[in-house]
Amino acid sequence: MKRIQKKVRSSKKKQHYTKKKILIISRYPIKKKNDYRYFFISECEDTYELINLSYNNYFVKNNHKQLIKDLNSILFSKKISLFIDLIFHIDTSIKNNSYRNHLKFIYEIRKIINSHKIKSIKFIYSWLSKWSVRPWVFFHYGKYLYKIIQNLFLEKIYKYPHSDYICITGGYGKFEVFKFGIKKIFFPHFDFLIHNLNNHRNEKLSFLKNKKFIVYLDQNIQFSHDRKIIKIKRNFSTLEEELDKYFTLIKKKFNLEIIVASHPKRDLKRKTILTKKWKVIKGYTSDLVKRSEAVIAHDSMSINYAVLNLKPLIFLTTDQLNQSDLYSHTISIWSKYFKKEKINISDPSQDLVKANILNINKSVYKKYKNDFILPKENFTLDFRNLLKKIIQ
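Residues numbered from 1 in each chain as written. Predicted model: local features only at pLDDT ≥ 70, side-chain atom pairs only at ≥ 80, totals over all residues. Heavy atoms only, no water.

(A) Expanded view of unusual backbone geometry. That bond from Arg134 to Pro135 is cis: its omega, -5°, falls within 30 degrees of zero. Tracing the backbone shows Pro135 in the loop between β5 (119-125) and α5 (140-153). Positive phi outside glycine occurs at Lys339, with the angle close to 55°. Secondary-structure assignment places Lys339 in the loop between α13 (327-337) and β13 (343-344). (Helix = DSSP H or I, 4+ residues; strand = E, 2+ residues; numbered from the N terminus.)

See the structure below:
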């Protein structure tokens, strides 16, 4: 079977009835092993036939026409009952030609699916932004109203995409739907599901049973896979060297090991300072955070695991990150939200290991959990039952 039509198969005997088919479009193929997306669809594989079309290779190879061709092949050969939209979020601030060309094909994908009158569901995972911290938090409702009005006048490829249903996580999710007429469904963040289900994998990390360590949330920044699509060049050549020096310092200060929770897209065969000098573990970020004494981060969404496990957070930046149009803002926002000082490890004059560095503010953690991980509204943990209500 072609990779584009790869199915998540059940290990049980084939059912006698015809399963309804669900098309899932995502950037990367959904895998059964160490893939957070599999946690919410795994309970559906016995009930539905799941068809996963991933688009990253098409985009990297600039083979958009083949993507459209393969999509049409699926739609005409299969009777699709539901489209699960896991396509990347549209950033209206990025205007370069490469990004625009990708958006044109994303728009075409959704338009083709919509023409087949297939029900669709999209996920909203709110990101911490300047609108979550003072003084901007006081203008949050105004921003929401502005975005709704702005969406009416945006170029069609930048408009908020059509969807019949929106799956919302956290209180802020409601303010990220800039279009009327979409039915809202409340469901926990993927990270919450993984957090609840990670106990069955603990034996994989049994060698850490009696070890005390701090975990670093790797973002693979210097080899970022995202820049391949948006074609933005940034220089982070000294990042790992500076991290190495800081890890050595903090290890000595607290007498704790440092373990790197690898980004899913990091190529561990590519030897760097981090992979050579420190223990790097891939695919077990939730488990590592749960077992750790503290978490070192920049602006990773895996900070969710630190919140769920009430782990102290240490926010790091460097001179090169501060010169970036992205990280200079995002790391400041995360540290400000959690009431922690952002540590610039490039600055030798700064106190890099302050006495209160491992303090946590439980009220802030609770607020973040409500804002971004768990909706306050009634929600279900059974994604299969949620789909049954949509697919009649």
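(B) Molecular detail of the pattern of salt bridges. Going through the model one piece at a time under the given rule, you end up with 13 salt bridges. Arg266 is paired through a salt bridge with Asp218; the nearest N and O atoms lie 2.7 Å apart. Note that Arg266 is positioned in the loop between β9 (257-262) and α9 (273-277) and Asp218 in the loop between β8 (213-217) and α7 (227-230), a separation of 48 residues in sequence. We classify Arg266 as buried; its relative accessible area is 3%. Put simply, Glu241 and Lys245 hold a salt bridge, and the shortest N to O gap is 3.8 Å. Placement of both Glu241 and Lys245 in helix α8 (residues 239-254) is noted, with a separation of four residues, approximately one turn of the helix. Using a relative accessible area of 39% as the deciding quantity, one classes Glu241 as partly exposed. Taken together, the shared-partner salt bridges in this structure form one network comprising Lys21, Glu49 and Lys78. (Salt bridge = Lys/Arg side-chain N within 4 Å of Asp/Glu carboxyl O. Buried < 20%, exposed > 50% of the residue type's maximum accessible area, 1.4 Å probe, protein only.)

(C) Up close: the environment of Ala306. On the secondary structure map, Ala306 appears in helix α11 (residues 303-308). Classification of Ala306 by relative accessible area gives buried; the value is 0%. Sequence-wise, Ala306 and Ser77 are 229 residues apart; in three dimensions their C-alpha atoms are separated by 45 Å. Setting aside chain neighbours within four positions, we find Ala306 in contact with Val289, Val295, Lys311, Leu313 and Tyr365. (Contact = heavy atoms within 4.5 Å.)

(D) Inspection of the sheet that holds strand β11 (residues 294-297) at higher detail. Pairing within the open sheet is parallel, and its six strands lie in the order β10-β9-β8-β11-β12-β13. A strand with exactly one partner marks an edge of an open sheet, and here the two such strands are β10 (279-282) and β13. Strand direction decides the pairing type here: β9 and β10, joined by four bridges, are parallel. The partner of Ser262 across the bridge, within β10, is Lys282. Here α8 sits on the sheet in contact with β8, β9, β11, β12 (313-317) and β13, set at roughly 140° to β9. (Pairing = 2+ DSSP bridges. Axes fitted to C-alpha atoms, helices over the stretch in contact; angles between N-to-C directions.)

(E) Broad picture of the nonpolar core. Within the largest apolar cluster, 63 residues are counted, with the highest numbers of intra-cluster contacts made by Phe338 and Tyr368. Apart from the residues lying within four places of it in its own chain, the contact partners of Tyr368 are Leu128, Met301, Asn304, Val307, Trp334, Tyr337, Phe338 and Ile373. Listed in part, the 28 residues of the second largest apolar core include Phe59, Ile90, Tyr99 and Ile112. (Core = buried A, V, L, I, M, F, W, Y, C linked by side-chain atoms within 4.5 Å.)

(F) Just α13, in detail. Within α13, eight of the 11 residues are buried, which leaves it mostly tucked inside the rest of the structure. Those residues of α13 that fall on the buried side of the exposure criterion are Tyr327, Ser328, Thr330, Ile331, Ile333, Trp334, Ser335 and Tyr337. Summarising the contacts, the buried residues of α13 are in contact with α11, β12, α12 (319-322) and α14 (362-373). Note on α13: the residue one or two positions beyond its end, Lys339, has a positive phi of about 55°.

(G) Here's a closer look at the pairing of β8. Most of β8 sits out of view: five of its five residues are buried. Every second residue of β8 is oriented toward a common face, with Phe213, Val215 and Leu217 on one face and Ile214 and Tyr216 on the other, all of them buried. Note that β8 and β9 share five bridges and pair parallel. Residue Ile214 lies in a different strand from β9, and its bridge partner there is Ile258. Pairing analysis gives three bridges linking β8 to β11, with the strands arranged parallel. Its bridge partner lying in β11, Val215 is registered against Val295.

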